[in-house]
Amino acid sequence: MPPRPSRPKKAPRARWQRRHPASKPRVLVVGFGRVGGALARGLKKAGWPVAVLPRSDESVRRAVKLNLRLADHENLKEADLCLLAVPDAVVGRLAASLRDDLGAGTALIHCAGALDLSAFGTDPEMLRRARGSFHPLCAVSDAQDDLSGHAVALAASQRELMPVLWRMALALRLRPIEVPEARRAAYHAGAVMAAGLLVALASGAVAAFEEAGVIEDQALGALLPLMRSAIRGVEVRGLIRGLTGPVARGDISVVQAHLSALPAELADIYRALSLRSLKLVRDQLPAETRNALERLLKA
Ligand SMILES: NC(=O)c1ccc[n+]([C@@H]2O[C@H](COP(=O)([O-])OP(=O)(O)OC[C@H]3O[C@@H](n4cnc5c(N)ncnc54)[C@H](OP(=O)(O)O)[C@@H]3O)[C@@H](O)[C@H]2O)c1
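Residues numbered from 1 in each chain as written. Predicted model: local features only at pLDDT ≥ 70, side-chain atom pairs only at ≥ 80, totals over all residues.

Undergrad: What exactly am I supposed to notice about the overall build of the protein chain here?
TA: Within the protein chain, the secondary structure is distributed over 13 helices and eight strands. Computed over C-alpha atoms, the radius of gyration of the protein chain comes to 24 Å, more than 25% over the 19 Å expected from 2.2 N^0.38 for 299 residues, which places it beyond the range of a compact globule. With the C-alpha coordinates of the protein chain rotated into their principal frame, the extents come out at 70 × 70 × 35 Å. Expressed as a percentage of the 299 residues in the protein chain, the buried residues total 26%. Long-range pairs, those at least 24 residues apart, make up 63% of the contacts in the protein chain between residues at least 6 apart in sequence. (Helix = DSSP H or I, 4+ residues; strand = E, 2+ residues; numbered from the N terminus. Rg over C-alpha atoms; globule rule 2.2 N^0.38 Å. Buried ≥ 20, exposed ≤ 12 C-beta atoms within 10 Å, placed from the backbone. Contact = placed C-beta atoms within 7 Å.)

Structure, rendered in structure tokens:
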């Protein structure tokens, strides 16, 4: 007889869930910048009990304008989740300063991709508290940005907290992924390559157009739809079949012409990324072409 499939293990239920199984966790967002605003607005839209604790008068005004409930330090005691949506460098200091205001069962969550959970410090009381990370993989440039459709990286110090973070992610229509604490830096480097460095790459492409005499506005207007079409190709066909350009075609003379036309700084970027392209398509090119491209790009 084939073995019977094992029954999936039930996710552990967090403290607040045991108390009120149907209730949504009470969330308090500290810091009302881009991510704090986007999270608070998304949770409010999803019908979660959320309040914000902004710092400056300007942030208070923005929160009021967006109809968000304002909290004070007293409310920290009642929160199930306290999200620190503040600059990375502030997380440890702020967590320590909130220590006496938080409820015993309030979990502290940061939103930083670059930080692991040691960012909350090593105070024994802090180590007893549930701590987590909720890092939306979205370039948030305004508090009114919509997070839905993106991924979010989750980490939790206690097993019980993870299902709560999953639930919050799904309420925000974010796709959760769990990132091992020990490999956090590599994970964050990948995220930076896909967002900030993509912008840097766009700026290099604009500079190449300027070498050809096309002005910046016109260049960006032409390049953005091109970039979107490249991403669409990867979305539909994957990395290898989505790759276009002279390396994918094995066109050595075009690559040679590009390297001669570009100033040294741009040529370096072009070489590094072309070698990466070559890695993607190397099995599809004749050995002779592959080797010639490699020699040219490494010269
Ligand atoms: N932006 C993104 O694309 C993005 C994406 C994913 C994750 N993250 C992470 O999300 C976190 C927040 O980033 P952000 O881009 O939202 O930053 P942000 O727009 O600069 O907002 C930071 C907020 O923190 C507040 N703040 C600063 N110091 C504080 C303190 N000591 N106490 C209380 N509040 C304080 C600021 O208050 P005032 O308004 O009063 O100055 C500001 O509203 C960071 O960990 C970041 O790595 C950002």
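Read on, since the account is not over.
Undergrad: Can you help me understand the domain arrangement of the protein chain in this one?
TA: Where interface size is quoted, it is often the accessible area lost as the parts come together. Taken domain by domain, the protein chain holds domain 1 (15-182) and domain 2 (194-298). Measuring from the centre of the C-alpha atoms in domain 1 to the corresponding centre in domain 2 gives 39 Å. (Domains from an automatic or database assignment.)

Undergrad: Honestly, the pairing of strand S7 (residues 151-156) in this entry has me stumped. Any pointers?
TA: Along any regular strand the residues' side chains alternate between the sheet's two faces. Burial runs high along S7: five of the six residues are buried. One ladder, built from four bridges, connects S7 with strand S8 (residues 175-178); its direction is parallel. Counted as the bridge partner of Leu154 is Glu178 from S8. In terms of handedness, the path from S7 via helix H6 (residues 161-171) over to S8 forms a crossover that is right-handed. (Pairing = 2+ DSSP bridges. Right-handed = clockwise from strand over helix to strand, strands pointing away.)

Undergrad: Help me understand the sheet that holds strand S3 (residues 69-70) in this model?
TA: As summarised here, the arrangement of the eight strands in space is S3-S2-S1-S4-S5-S6-S7-S8, forming an open sheet in which the pairing is mixed. Each end of this open sheet is capped by a strand with a single partner; those strands are S3 and S8. Bridge count for strand S1 (residues 27-30) against strand S4 (residues 81-84) is four bridges, and the pairing is parallel. When the sheet's bridge partners are listed, Val29 is paired in S4 with Leu83. Sheet contacts for helix H4 (residues 91-98): S1, S4 and strand S5 (107-110); angle to S4, the most-contacted strand, approximately 145 degrees. (Axes fitted to C-alpha atoms, helices over the stretch in contact; angles between N-to-C directions.)

Undergrad: Whenever I open this one, the nonpolar core confuses me. Can you help?
TA: Burial of nonpolar side chains together is a common tendency in soluble globular proteins. The biggest cluster of nonpolar side chains holds 52 residues, and the ones touching the most others in it are Val29, Cys82, Leu83 and Leu84. Contributions of two or more residues to this core are made by S1, helix H2 (34-45), strand S2 (50-53), S4, H4, S5, S7 and H6. For this core, the leading source of residues is H6, giving six residues. Those residues within four positions of Leu83 in sequence are excluded, and the remaining contacts are Val27, Val29, Val30, Leu39, Ile109, Cys111 and Phe134. (Core = buried A, V, L, I, M, F, W, Y, C linked by C-beta atoms within 7 Å.)

Undergrad: It is not clear to me how the pairing of S4 should be interpreted in this structure. Could you clarify?
TA: Of the two faces of S4, the one lined by Leu81 and Leu83 and the one lined by Cys82 and Leu84 are each fully buried. With four bridges connecting them, S4 and S5 associate as parallel partners. Bridging from a neighbouring strand, Leu83 pairs with Ile109 of S5. Handedness of the β-α-β unit built from S4, H4 and S5 comes out right-handed.

Undergrad: I would appreciate a short explanation of the site of the ligand in the present structure.
TA: Of all residues adjacent to the ligand, which total 25 residues, the nearest are Gly31, Gly33, Val35, Ser56 and Ala112. Secondary-structure elements contributing two or more residues to the shell around the ligand are H2 and strand S6 (131-137). Per element, the largest residue contribution to the shell around the ligand is three residues, and it comes from H2. (Near = placed C-beta within 6 Å.)

Undergrad: Is there a simple way to explain unusual backbone geometry in this structure?
TA: Excluding glycine, a negative phi dihedral is what most residues carry, and trans is how most peptide bonds are arranged. Even without glycine at this site, Asn67 takes up a positive phi of about 60 degrees. Considering the arrangement of structural elements, one finds Asn67 in the loop between helix H3 (57-65) and S3. The backbone of Arg173 sits at a positive phi, close to 60 degrees, despite the residue not being glycine. Looking at where Arg173 falls in the secondary structure, it is placed in the loop between H6 and S8. Note on Arg173: 14 C-beta atoms within 10 Å, which makes it partly exposed.

Undergrad: Got a minute to help me understand the environment of Arg34 in this structure?
TA: Mapping Arg34 onto the fold places it in helix H2. Classification of Arg34 as partly exposed rests on a count of 17 C-beta atoms within 10 Å. Measuring from C-alpha to C-alpha, the distance between Arg34 and Ala139 comes to 9.7 Å, with 105 residues separating the pair along the chain. Dropping the residues within four chain positions of it, Arg34 is found in contact with Val140, Ser141, Asp142 and Ala143.

Undergrad: Is there a simple way to explain the environment of Gly233 in this structure?
TA: Tracing the sequence through the fold places Gly233 in helix H9 (residues 216-242). What makes Gly233 partly exposed here is the crowd of 15 C-beta atoms within 10 Å. Distance in space between the C-alpha atoms of Gly233 and Leu243 is 7.7 Å, their sequence separation being ten residues.

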